[in-house]
Amino acid sequence: MARIDFKQLCKTFPGGTVAVDALDLEIADGEFMVVVGPSGSGKTTVLRIAAGLDEPTSGEVWIGDDLVNGIAPMDRNIAMVFQSYALYPHMTVYENMAFGLKLHGFRKREIEPRVHAAAQMLGIDELLKRKPGQLSGGQRQRVAMGRAIVREPDAFLMDEPLSNLDAKLRVEMRAYLATLHQRLRTTTLYVTHDQTEAMTMGDRVAVMRDGRLQQVDAPQRLYDHPVNLFVAGFIGSPAMNLVQSSLIERDGGIYAAFGPASLRIPDQVLAARPRLRGYVGRPVVVGLRPEDVEDAAFVPSANGATIDVDVSLAEAMGAELIAHFPLDARPVDAGAPLLAVASAAGDDTSTQSLLAREAGGETIVTARLNPRSAARTGQPLRVALDAERLHFFDPATEAAI
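Note that the coordinates shown come from a computational prediction; the quantities given were computed from them, not determined experimentally. (Residues numbered from 1 in each chain as written. Predicted model: local features only at pLDDT ≥ 70, side-chain atom pairs only at ≥ 80, totals over all residues. Heavy atoms only, no water.)

### Focus: the pattern of salt bridges
Between side chains of opposite charge, pairing is possible as soon as their charged atoms come close. Using the following cut-off: For this analysis, a salt bridge means a side-chain nitrogen from Lys or Arg found within 4 Å of a carboxyl oxygen belonging to Asp or Glu. Put simply, DSSP H or I for four residues or longer makes a helix, DSSP E for two residues or longer makes a strand, and each gets a number counted from the N terminus. Residue burial is assigned from relative accessible area. The probe radius is 1.4 Å, only protein chains are included, and a residue is buried under 20% of its type maximum, exposed over 50%, and partly exposed in between.
The final tally for this structure, using the stated rule, is 15 salt bridges. When the shortest N-O distance is used, the salt bridge between Glu291 and Arg368 registers 3.2 Å. Within this pair, whereas Glu291 is found in the loop between β14 (283-288) and β15 (293-295), its partner Arg368 is found in strand β19 (residues 363-369), the two being separated by 77 residues in sequence. Given the relative accessible area of 30%, Glu291 is considered partly exposed. Between Glu320 and Arg368 there is a salt bridge, and its shortest N-O distance comes to 2.7 Å. In this pair, Glu320 sits in the loop between β17 (313-316) and β18 (321-327) while Arg368 sits in strand β19, placing the two residues 48 residues apart along the sequence. In this structure Glu320 comes out as partly exposed when scored by relative accessible area, which is 24%. Because the salt bridges share partners, they merge into one network encompassing Asp224, Asp292 and Arg389.

### Focus: the sheet that holds β18
To keep it simple, the criterion reads: For two strands to be treated as a pair, DSSP must find no fewer than two bridges joining them. Comment: axis = line fitted to C-alpha atoms, over the contacting stretch for helices; angle = value between 0 and 180 degrees taken between N-to-C directions.
Judged by pairing direction, the sheet is antiparallel, and its three strands sit side by side in the order β17-β18-β19 without closing on themselves. The open sheet terminates on both sides in strands that have one partner only, identified here as β17 and β19. Strand-to-strand twist in this sheet, taken as the mean axis angle between neighbours without regard to direction, amounts to 20°. For β17 and β18, the ladder comprises four bridges, and the chain directions are antiparallel.

### Digging into the side chain of Thr187
Worth spelling out the cut-off: The definition of a polar contact used here is a pair of N or O atoms within 3.5 Å, where within protein one atom must be able to donate a hydrogen and the other to accept one, and adjacent residues in sequence count solely through side-chain atom pairs.
Its location among the elements puts Thr187 in strand β8 (residues 187-192). A distance of 2.6 Å separates the side chain of Thr187 from the backbone oxygen of Ala2, its partner in a polar contact. Among the polar contacts listed, one links the side chain of Thr187 to the backbone nitrogen of Gly30, at a separation of 2.8 Å.

### A look at helix α1 (residues 43-51)
With respect to burial, α1 is a largely interior element, seven of its nine residues being buried. Looking at α1, one finds that the buried residues are Lys43, Thr45, Val46, Leu47, Ile49, Ala50 and Ala51. Positive phi appears at Gly52, one or two residues downstream of α1, with a value of about 90°.

### Quick look at helix α4 (residues 137-149)
We apply this condition: To estimate how far a helix should extend, the number of its residues minus one is multiplied by 1.5 Å.
Helix length check: α4, at 13 residues, gives a terminal C-alpha distance of 18 Å against a target of 18 Å (1.5 Å per residue), a fit within 8%. Within α4 the residues assigned to the buried category are Gly138, Gln141, Val143, Ala144, Met145, Gly146, Arg147, Ala148 and Ile149.

### Focus on unusual backbone geometry
Note that the residue after Ser237, namely Pro238, is joined by a cis bond; omega there is 0°. Here Pro238 lies in the loop between α8 (229-234) and β11 (241-250). The phi dihedral of Glu152 falls on the positive side, at around 50°, and the residue is not glycine. Among the structural elements, Glu152 can be located in the loop between α4 and β7 (155-159).

### Considerations on the nonpolar core
Test applied: Residues grouped as a nonpolar core are buried Ala, Val, Leu, Ile, Met, Phe, Trp, Tyr and Cys residues, joined through side-chain atoms within 4.5 Å. Whether two residues are in contact is decided by their heavy atoms: any pair within 4.5 Å suffices.
One finds Met97, Met145, Tyr190 and Val207 to be the most contacted residues of the largest nonpolar core, which totals 46 residues. Those residues in contact with Tyr190, other than ones at most four positions away along the chain, are Phe32, Met33, Val34, Val35, Met158, Pro161, Leu162, Leu177, Glu197 and Met201.

Function-wise, these values are silent; they only describe arrangement.
Structure, rendered in structure tokens:
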């Protein structure tokens, strides 16, 4: 095992497209690092540079104690798992798993125990005589993993390995890969556009946008403390609600006012964010997670404010009820429409985007309600907003306050 270290990594393609811009990122020995971002954010380019498939324009790539710029992929002692599995159709499962070892000069007596041990670990030992065309998608992905495992590399590089699987199998394979990493503890760089994969699998998550690193942190800290509007809108499913607001002072307190809502900011929030007092009388962007908007009937003493809304769409999910409703407050444009940015995080935001287009410029708020809520499509509802869970952002810099 070995750490992977990117130092001031840059990649500019012919024509001037900047794919990666001054990336500094260290992946610790044995760490599972997920790099996440929408299409075009530069995440796959970072992985290809680590693998040696692309050369950086400038900067350094270290694997362990070795500077690997200019080192051929096969000499980097890393193993890749691809989105498309990249299995040889004319070879059996055993031959696919053994092929890389043969290329590196291993003998049959060395290859056989490695292949059988990896196959047993992955639960594919009964498939060794089959060919890829006889396997399901999940089985093919396990074979691709097995081919990487038998190499016993310093690091695994995984390029969206679950994106070709159906939704149910993706959930199963997420859990399987996370469990496998706990057993092997091999340094892993995992690239995905799916923020659910990032949140559930990574020891840490690196969020990229337009070639630049936005934030690196543990998944829960990314969720609870996004450093800017992009991370706030991208991490979370459904996405964080973001509206333009202003801070006003009255009755000895500071209030966030947006649409029909006027929420007094609790003293503990002001103590944790002392800079907020400097924004009194100025515009801010307010963010509120869907789970912090609840049917007021289930909040005995609303910690914030209640407002009356008309539900545009209620989606009963069994364990929860997702409600969407328009709010007479200005939507946020964080350099690009946040709904469009957030839609890269998962299919659930497509409903929100559609409703936003129909709302004629109003902000569409998404709420994750108690499954026994009386919320119904086209019906009025009183909701409670949790003022202790508000997020605040500077509309000019997009940075968290």
